[in-house]
Amino acid sequence: QAGIIGSREEFADIYEKNYLVLKDYIEQNYMRDIPLEELSALLCVTPQHLCRIFKKCSYMRPVQYLNQVRLQHAEELLVTSEYPIGQIAQWCGYENANYFGKLFKQQKGMTPTEFRMHFRGHHNFF
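Residues numbered from 1 in each chain as written. Predicted model: local features only at pLDDT ≥ 70, side-chain atom pairs only at ≥ 80, totals over all residues. Heavy atoms only, no water.

1. Here's the deal with the pattern of salt bridges
Applying the stated rule across the entire model yields 4 salt bridges. Residues Asp13 and Lys17 are paired through a salt bridge, measuring 3.3 Å at the closest nitrogen-oxygen approach. Of this pair, Asp13 and Lys17 both sit in helix 1 (residues 8-29), 4 residues apart, which is roughly one turn of that helix. Lys17 gets classed as exposed once you look at its relative accessible area, which sits at 52%. Here Glu38 and Arg32 are joined by a salt bridge, their closest N and O atoms 2.5 Å apart. (Salt bridge = Lys/Arg side-chain N within 4 Å of Asp/Glu carboxyl O. Helix = DSSP H or I, 4+ residues; strand = E, 2+ residues; numbered from the N terminus. Buried < 20%, exposed > 50% of the residue type's maximum accessible area, 1.4 Å probe, protein only.)

2. Points about the side chain of Asn67
Following the sequence through the fold, Asn67 ends up in helix 4 (residues 62-80). Every residue in contact with Asn67, bar those within four places of it in the chain, is listed here: Tyr94, Tyr99 and Leu103. (Contact = heavy atoms within 4.5 Å.)

3. Structural notes on the packing of helix 2 (residues 36-43) against helix 3 (residues 47-58)
It is the contact of helix 2 with helix 3, at a shortest axis distance of 9 Å, that shows an interaxial angle of 80°. Of the possible angle classes, the one that applies to helix 2 and helix 3 is roughly perpendicular. Of helix 3, the residues touching helix 2 (which contributes Leu36, Leu39, Ser40 and Leu43) are Pro47, Leu50, Cys51 and Ile53. Considered class by class, the residues forming the contact of helix 2 with helix 3 number 7 nonpolar, 1 polar and no charged. (Axes fitted to C-alpha atoms, helices over the stretch in contact; angles between N-to-C directions. Parallel < 35°, antiparallel > 145°, perpendicular 65-115°, else oblique. Nonpolar A, V, L, I, M, F, W, Y, C, P; charged D, E, K, R; others polar.)

Here is the structure:
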């Protein structure tokens, strides 16, 4: 049933479209700091509403998704390059290599160095 706001389907469709805009923006800009205010300005919504949209569509907060994207790129660089871990952390948007290492171990169950050694030569781990 449509009203002034529209049907549930239209509302869900708007959420999905907004979510895809946010997701794409994060994937294109993961290597730098992306404040919540910057993301919310993309959609002209409050940071709280932005989080609601994102969580409803992905079951995670925008910061969680940003870290997921960053860690995926870090994994690839760890396995396919010889760059120092601190450099990889920086390229993936982490100013602090220690924080990167802590987060990496928390998410992957091993340190970046252990990950690199374990998956060296196995480029199809994704």
